[in-house]
Amino acid sequence: MVKVKKRRRNGLRLMLVTLVGCVALGTPPSWSAASEGAADIDLERLPEQSGISGGLLVQVGCRDAELLVAWGQQTNVLAHGLVSDRERLRETRTRIQAEGLYGRVTAASWSGRWLPYADNMVNLLLVSAPDHGLPPDEIDRVLAPGGVAWLPGSGALTRYDKPWPDDMDQWT
C-alpha cells in the first residue's frame, strides 16, 4: 500500500512540475481542446480519429451498450465499459451478450476515483460522465504510452495524448 501511495504522490509531483514548467516556458501541456465540438466527433470512429488501431478501449460512465458494441465489432479491439448504475449495467451486459460480443466487449460496475487497470494498459479512454472525479494522474497512470484520453469539457471533448517516454523503445 505504501508503494501505491508513493507512486501516486510522485506522479502528481511530476504532473505538477510539468505543468509549472510548461507555464513558465509558455508551452501548452499535452491536454488540448478538440478542434471539433463534442457533437461533431463520431464516437464510433473515435479510435480511428485518435490514431488508435487496436488494444483496450475504455468508456467511463457508460450509459448503454451502443458505443461498446460498435467498438467491439472492430478488429484488434477489446472494449470495456465502466457503469455506475446497477440497472444500466444489467442492460448493457444483456445487450453485449445478445450481440454475441461478450468477451471482446465487457462491462463492469464502477463508482470510484480510481480505474481498475494496470499501469500503461489502456489505449483509448473516453470519459462520458461529466462529474467523473478522476484525477489527471490516474488517467495518465492507466494510459499506455501513445494512448489517448478524451474528457468532457465545456461543450467539447478535451483530448490528452500520453507521450512516449524517451527511455522506452518501440516495436518496429
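Just above sits the structure.
Residues numbered from 1 in each chain as written. Predicted model: local features only at pLDDT ≥ 70, side-chain atom pairs only at ≥ 80, totals over all residues. Heavy atoms only, no water.

Brief notes about the overall build of the protein chain
Filter applied, for reference: The numbering of helices and of strands both runs from the N terminus, where a helix is a DSSP run of H or I of at least 4 residues and a strand a run of E of at least 2. With a 1.4 Å probe rolled over the protein chains alone, any residue whose accessible area is under 20% of its type maximum counts as buried; one over 50% counts as exposed, and the rest are partly exposed. Throughout, a contact is declared for two residues whenever any of their heavy atoms are within 4.5 Å. All accessibility values rest on the Shrake-Rupley procedure with a 1.4 Å probe; residue burial counts only the protein chains present in the view.
The helix and strand tally for the protein chain stands at five helices and seven strands. A total of 172 residues make up the protein chain; the buried ones form 38% of that total. In the protein chain, the share of contacts with a sequence separation of at least 24, taken over all contacts with a separation of at least 6, comes to 57%. Counting every atom, the protein chain has about 10,300 Å² of accessible surface; 54% of that belongs to carbon and sulfur.

Some remarks on the nonpolar core
The test is simple: Buried residues of nine kinds, namely Ala, Val, Leu, Ile, Met, Phe, Trp, Tyr and Cys, make up a nonpolar core once their side-chain atoms join them within 4.5 Å.
With 23 residues, the main nonpolar core has Leu-46, Leu-68, Trp-71, Ile-96, Leu-124, Leu-126 and Trp-150 as its most contacted residues. Elements supplying a minimum of two residues to this core: helix 3 (66-72), strand 3 (77-83), helix 4 (86-98), strand 4 (105-109), strand 5 (122-127) and strand 6 (143-152). Of the residues forming this core, the biggest block, four residues, is contributed by helix 3. Within the second largest apolar cluster, 18 residues are counted, among which are Leu-82, Val-122, Leu-125 and Leu-143.

A short note on the packing of aromatic side chains
Operational definition: Pairing of aromatic side chains here covers Phe, Tyr and the six-membered ring of Trp, requires ring centres within 6.5 Å, and sorts the geometry by plane angle: under 30 degrees stacked, over 60 edge-to-face, intermediate tilted. Whether a charge sits over a ring comes down to the Lys NZ or Arg CZ being within 6 Å of the ring centre and within 35 degrees of the ring normal.
Applying the stated criterion across every chain, the model contains zero aromatic pairs. Seen from the ring of Trp-114, Arg-113 lies directly overhead, with NZ or CZ sitting 5.8 Å from the centre.

Examining the pattern of salt bridges
Any two side chains of opposite charge can pair if their charged atoms end up close together. The criterion, for reference: Put simply, a salt bridge is a Lys or Arg side-chain nitrogen that is within 4 Å of an Asp or Glu carboxyl oxygen.
Applying the stated criterion across every chain yields a total of seven salt bridges. Put simply, Glu-99 and Arg-95 hold a salt bridge, and the shortest N to O gap is 3.0 Å. Residue Arg-159 pairs with Asp-161 through a salt bridge whose shortest N-O separation is 2.8 Å. When its relative accessible area of 28% is taken as the criterion, Asp-161 is described as partly exposed.

Structural notes on the pairing of strand 4
Here is the rule: Strands qualify as paired when DSSP identifies two bridges or more between them.
With five bridges connecting them, strand 3 and strand 4 associate as parallel partners. Looking at strand 4, one finds that Leu-82 is bridged to Ala-108.

A short note on helix 4
Our working rule: Take the residue count of a helix, subtract one, and multiply by 1.5 Å to get its expected span. The arc in question is the one spanned by the directions pointing from the helix axis to the C-beta atoms. Definition of a polar contact: a pair of N or O atoms within 3.5 Å, with one able to donate and the other able to accept a hydrogen when the atoms are protein atoms, and with sequence-neighbouring residues admitted only if both atoms are side-chain atoms.
The first and last C-alpha atoms of helix 4 sit 18 Å apart over 13 residues, in line with the 18 Å expected at 1.5 Å per residue. Along helix 4, the residues that are buried comprise Leu-89, Thr-92 and Ile-96. Along the axis of helix 4, the buried positions cluster into a sector of 65°, meaning they face one direction only. Residues of helix 4 that are exposed and point more than 90 degrees away from the buried face comprise Gln-97 and Ala-98. Considering only its buried residues, helix 4 is in contact with helix 3, strand 3 and strand 4. The opening residue of helix 4 is Asp-85, an N-cap whose side-chain oxygen sits 3.2 Å from the backbone nitrogen of Glu-87. Within two residues after helix 4, Gly-100 carries a phi angle of roughly 75°, on the positive side.

Let's talk about the pairing of strand 2 (residues 55-60)
Put simply, the test is: Classification remark: right-handed applies to a crossover when, strands pointing away from the viewer, the course from the first strand over the helix to the second runs clockwise.
Here strand 2 lies mainly inside the structure; five of its six residues are buried. Of the strand pairs in this sheet, strand 2 and strand 3 are connected by six bridges, and their pairing is parallel. Following the sheet pairing, Gln-59 is matched in strand 3 by Gly-81. Between the parallel pair strand 2 and strand 3, the chain is carried across by helix 3, and the sense of this crossover is right-handed.

Side note on the environment of Met-168
If you trace the backbone, Met-168 turns up in the segment after strand 7 (157-161). On the basis of relative accessibility, which here comes to 36%, the residue Met-168 falls in the partly exposed class. Separated by 23 residues in sequence, Met-168 and Pro-145 have C-alpha atoms that sit 9.2 Å apart.

Concerning unusual backbone geometry
Positioned with a positive phi, Asn-76 is a non-glycine residue whose angle comes to about 60°. Within the fold, Asn-76 resides in the loop between helix 3 and strand 3. Of the residues examined, Asn-76 reaches a relative accessible area of 58% and is grouped as exposed. Here Asn-120, not a glycine, exhibits a phi torsion of approximately 60°, which is positive. As for its position among the elements, Asn-120 is in the loop between strand 4 and strand 5.

What is shown is where atoms sit, not what they do.
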